[in-house]
Amino acid sequence: MVENSHHIQIAFHSPLSIHSSPFPGATPYPLTIHSIIPNSPAMPTATSQCRILIATIIVSSVLVLSASATSLAELTATLDRIRPRVSSAYGHRQYHHHRAKKFSRAKMARQFVTGHNAVRSVFGVQPLKWNKKLARYARRWANQRANDCALQHSPDSPYGENLFWSLKGNWGPKAVVKIWADEYIFYDPKQNVCINGEMCGHYTQVVWKQTTEVGCGRVKCRNNKGFLYVCSYDPPGNIYFQGPFGGRFSKCIVNPPSGP
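Residues numbered from 1 in each chain as written. Predicted model: local features only at pLDDT ≥ 70, side-chain atom pairs only at ≥ 80, totals over all residues. Heavy atoms only, no water.

Right, let's get into the sheet that holds strand E12 (residues 227–234). In a beta sheet, neighbouring strands are held together by backbone hydrogen bonds and run either parallel or antiparallel to one another. A sheet is described by the order of its strands in space; here four strands give the open sequence E7-E11-E12-E8, paired in mixed fashion. If you trace the sheet from one side to the other, it starts and ends with strand E7 (129–130) and strand E8 (160–166), each paired once. Looking at chain direction, E8 and E12 are connected through seven bridges and run antiparallel. Note on E12: the bridge partner recorded for Trp165 is Leu228. Its contacts with the sheet place helix H4 (residues 173–181) against E8 and E12, and it is angled at close to 110 degrees to E8. (Pairing = 2+ DSSP bridges. Helix = DSSP H or I, 4+ residues; strand = E, 2+ residues; numbered from the N terminus. Contact = heavy atoms within 4.5 Å. Axes fitted to C-alpha atoms, helices over the stretch in contact; angles between N-to-C directions.)

All right, on to the packing of aromatic side chains then. As enumerated under the stated definition, the model contains seven aromatic pairs in all. Ring centres of Phe123 and Phe245 lie 5.9 Å apart, and the angle between their planes is 25 degrees; on these two criteria the pair is classed as stacked. A residue pair is termed long-range when its members are at least 10 positions apart, and Phe123 in the loop between helix H2 (105–122) and E7 and Phe245 in the segment after E12 qualify at 122 residues. One exposure class covers both Phe123 and Phe245, and it is buried. (Phe/Tyr/Trp six-rings, centres within 6.5 Å; stacked < 30°, edge-to-face > 60°. Buried < 20%, exposed > 50% of the residue type's maximum accessible area, 1.4 Å probe, protein only.)

Let us now look at the side chain of Arg145. Following the sequence through the fold, Arg145 ends up in the loop between helix H3 (132–144) and E8. Overall, the relative accessible area of 13% leaves Arg145 in the buried class. Once residues lying within four places of it in the same chain are set aside, the contact partners of Arg145 are Ala150, Gln152, Cys221 and Leu228.

Attention shifts here to H4. For H4, a buried count of eight out of nine residues is recorded, marking the element as mostly surrounded by other parts of the structure. Residues of H4 that are buried include every one of Pro173, Ala175, Val176, Val177, Lys178, Ile179, Trp180 and Ala181, and no others.

Of note, Asp188 is situated in strand E9 (residues 187–188). One buried charged residue, Asp188, remains without a salt bridge, the closest side chain of opposite sign being Lys190 at 6.8 Å. When neighbours within four sequence positions are excluded, Asp188 is seen to be in contact with Val193 and Ile195. (Lys, Arg positive; Asp, Glu negative; His and termini not counted. Salt bridge = Lys/Arg side-chain N within 4 Å of Asp/Glu carboxyl O.)

Further remarks concern the pattern of salt bridges. The final tally for this structure, using the stated rule, is two salt bridges. In this structure, Asp182 engages Lys178 in a salt bridge whose closest nitrogen and oxygen atoms are separated by 2.3 Å. Taking relative accessible area as the criterion, Asp182 reaches 13% and is therefore assigned buried. We classify Lys178 as buried; its relative accessible area is 4%.

Negative phi values dominate among residues other than glycine, just as trans dominates among peptide bonds. Looking along the chain, the bond that leaves Asp234 and enters Pro235 is cis, with omega of -10 degrees. In this fold, Pro235 is placed in the segment after E12. Phi is positive for Asp156, close to 55 degrees, though the residue is something other than glycine. Looking at where Asp156 falls in the secondary structure, it is placed in the loop between H3 and E8. What makes Asp156 exposed here is its relative accessible area of 80%. One non-glycine residue, Asn238, adopts positive backbone phi at about 55 degrees. Examined against the element boundaries, Asn238 turns out to sit in the segment after E12.

Residues Phe112 and Trp180 are the most contacted members of the largest nonpolar core, which totals 33 residues. Listed by contribution, the elements that provide at least two residues to this core are H2, H4, helix H5 (201–207), strand E11 (213–220) and E12. At six residues, H4 tops the list of elements feeding residues into this core. When neighbours within four sequence positions are excluded, Trp180 is seen to be in contact with His116, Asn162, Leu163, Phe164, His202, Tyr203, Val206, Cys231 and Tyr233. By size, the runner-up hydrophobic cluster in this structure holds 10 residues, among which are Trp141, Ala142, Ala146 and Leu163. (Core = buried A, V, L, I, M, F, W, Y, C linked by side-chain atoms within 4.5 Å.)

Right, dumping it as structure tokens:
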């Protein structure tokens, strides 16, 4: 920008430093802006100073938006790598019918861990480790729901828990995690709430900073009622009035139970 009346140049190339990231806990993108005013009068007028400030804010905003786009692109690319090759619809989930996939417990463990950690890495949180005790707990609860395949959480569980149902067993572990992670677009990190009446608690559990271990199981329900997937997490996420990346809030991702 050139201000002819005072012969002022503003070159944005390097002492104002901005660190931007649209996701709390994610690695920030360093943006550096330097404003220099060569050959200017000793002190520009107040009007000129205001124009300089406005120009700085405008360019800063453009750069911050660029960084946000980069972060979103990185997340999209990560989710694309674990995207299922079948169509889906939110709400009561509907899927194309393909042959059920068979997974050994070891392969299922590897893929669940890989899927979780691919998402967690984008948000700058530590990777999860597989826990056999959690996996047994998840399998037991899945087996208890084998008659109805209902999406009901295990009562009084000491762990965090994510559930997923499909009519057919063509969903691999990475695809299941991807569906949970897709909820990130419905999470408002400023207010710590899910927006537009959508679910986001599966996503927040996947990336919950304090969670360190995961264990999962899958069961084929009776009478062709589908497949139920269960993942258990320790320490549990979605703690009342806390956010997935830390901090205290006046609102909750999951509402606490009402009084008796």
